[in-house]
Amino acid sequence: MIDYSKWKDIEVSDDEDDTHPNIDKHSLFKWRHEARVQRMNEFQQAKDKLAASITTTKKEIESTKLRLKEGSESDEVKKELAKLEKKMEQLMQEENDLKKKERLMPWNVDTIGTEGWSKTKINKPAPKQDKSNEEEREKIYVEFVKENEKKVKQFGMLSKWDDCKAFLLEQPQLCCEETANYLTLWCLNLEIEEKRSLMEHVSKQVISMQYILELAKQLDCDPRSCIASFFSRIQTADKEYLDAFNDELTSFRKRIKSRAKEKIDAALKEVEEEERQKRLGPGGVDPAEVFEALPDCMKKCFEERDIEALKKVVAEMPEDEAKYHMKRCVDSGLWIPDAGKPDEGDPQ
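No experiment lies behind these values; they were computed from the predicted model shown.

Conventions and cut-offs
- Residues numbered from 1 in each chain as written.
- Predicted model: local features only at pLDDT ≥ 70, side-chain atom pairs only at ≥ 80, totals over all residues.
- Heavy atoms only, no water.
- Axes fitted to C-alpha atoms, helices over the stretch in contact; angles between N-to-C directions.
- Helix = DSSP H or I, 4+ residues; strand = E, 2+ residues; numbered from the N terminus.
- Parallel < 35°, antiparallel > 145°, perpendicular 65-115°, else oblique.
- Left-handed = near helix turned anticlockwise from the far one by under 90°.
- Contact = heavy atoms within 4.5 Å.
- Nonpolar A, V, L, I, M, F, W, Y, C, P; charged D, E, K, R; others polar.
- Phe/Tyr/Trp six-rings, centres within 6.5 Å; stacked < 30°, edge-to-face > 60°.
- Buried < 20%, exposed > 50% of the residue type's maximum accessible area, 1.4 Å probe, protein only.
- Lys NZ or Arg CZ within 6 Å of the ring centre and 35° of its normal.

A. Seen up close, the packing of helix α7 (residues 196-219) against helix α9 (residues 239-279). For the pair α7 and α9, the least separation of the axes is 9 Å and the interaxial angle reads 125°. When the interaxial angle is binned, α7 and α9 end up oblique. Crossing of α7 over α9 shows right-handed handedness. Note on element contacts: α9 touches α7 through Tyr241, Ala244, Phe245, Glu248, Leu249, Phe252, Arg253, Ile256 and Lys257, opposite Arg196, Met199, Glu200, Ser203, Lys204, Val206, Ile207, Ser208 and Tyr211. Among the residues forming the contact of α7 with α9, the class breakdown is 10 nonpolar, 2 polar and 6 charged.

Below is the structure:
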């Protein structure tokens, strides 16, 4: 079982709500929502402009046909009519292309249809938990992991969309923030353990779950009711939708790698500091640091453990410099005065 308690300080933002603190909501979802709204506005403007062109062209065709019936400028009017009819064909083709593009657009609260929900059978919606209290959230998470850890890991190891869909429909209780949280921490743990390939595999399931939860949040409905719809959508998605999904997946993996590196570096620094503390001499000085700061001639004496040579080197050094280095050697434990020789004084 993963020791999640040691990761509970992972980058918690001040404005955090239900989303796991290691998931940057602004980079993961907000930008996508804003970009989608902008695309929808641009798409609607294109539709309006095309509709206006079609209306205008239809009127011009009707007017030109009327002129033909009246027999005015027959040859030129025929050429003009042919040109307008060709333009109309192009406009109608553009309209068909826009309709096709509209059918394939990513869903959101404004574009999603109702038919996709009518066949989704769900249990009575679970009451929403109050997760405003950090202690309560942790309690809910611990209880969830205790009951569902094995199943969450099973979901994390799936790869095919159909298998993921079927599994969640069989285990709808997994469609929640706790699953996303657990999978995120698992990814972090895997990266720390240098199991990069497995981390990247599980990370796809994190983003899939986040997509379902985000859709449910936008629709203000139970996430379980979005299971079938999400997987049906992702399996028929166009390049733009898949690119957005993959961009978020890549961004998430980068954050996991970065956070894992921070954790490893912090752990290494902690170990180094513990070792340094153990090395400290009676004067609270690190012998390794003292040794590195010694003149080469003194270093050689310590490396060869030549006490006589050290005494000679110290005697030939300026008095202040000799006292400075020897005091640091004593404070660090690199040199123990009179060790084992009570009648022998300091080499100075």
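We are not done yet, so read on.
B. Representation of the environment of Leu310. Tracing the backbone shows Leu310 in helix α12 (residues 307-316). For the pair formed by Leu310 and Cys297, sequence separation is 13 residues and the distance between their alpha carbons is 8.3 Å. Discounting residues that sit within four places of it in the chain, Leu310 has contacts with Met298, Cys301, Phe302 and Trp335.

C. View of the packing of helix α4 (residues 134-157) against helix α5 (residues 161-170). One can describe the packing of α4 onto α5 by two numbers: an axis separation of 9 Å at closest approach and a directional angle of 160°. Taken together, α4 and α5 sit at an angle that is classed as roughly antiparallel. As α4 packs across α5, the resulting crossing turns out to be left-handed. Listed contacts from α5 to Lys151, Gln154 and Phe155 of α4 are Cys164, Phe167 and Leu168. Residues of the contact of α4 with α5, tallied by class, amount to 4 nonpolar, 1 polar and 1 charged.

D. Representation of the packing of aromatic side chains. Per the counting criterion, the structure on display carries 7 aromatic pairs. An angle of 50° between the planes, with centres 6.0 Å apart, marks the rings of Trp161 and Phe231 as tilted. Of this pair, Trp161 sits in helix α5 while Phe231 sits in helix α8 (residues 227-235), and the two are 70 residues apart along the sequence. Aromatic pair Phe230 and Phe231: ring centres 5.0 Å apart, planes at 70°, arrangement edge-to-face. Each member of the pair, Phe230 together with Phe231, is buried. Aromatic ring contacts, followed pair by pair, group Trp161, Tyr211, Phe230, Phe231, Tyr241 and Phe245 into a single cluster. If you follow Lys204 out to its NZ or CZ, it ends over the ring of Trp161, 4.4 Å from the centre. One cation-aromatic arrangement involves Lys299 over Phe291; the distance from NZ or CZ to the ring centre is 5.9 Å.

These results come straight from atomic positions and should not be treated as a statement about function.
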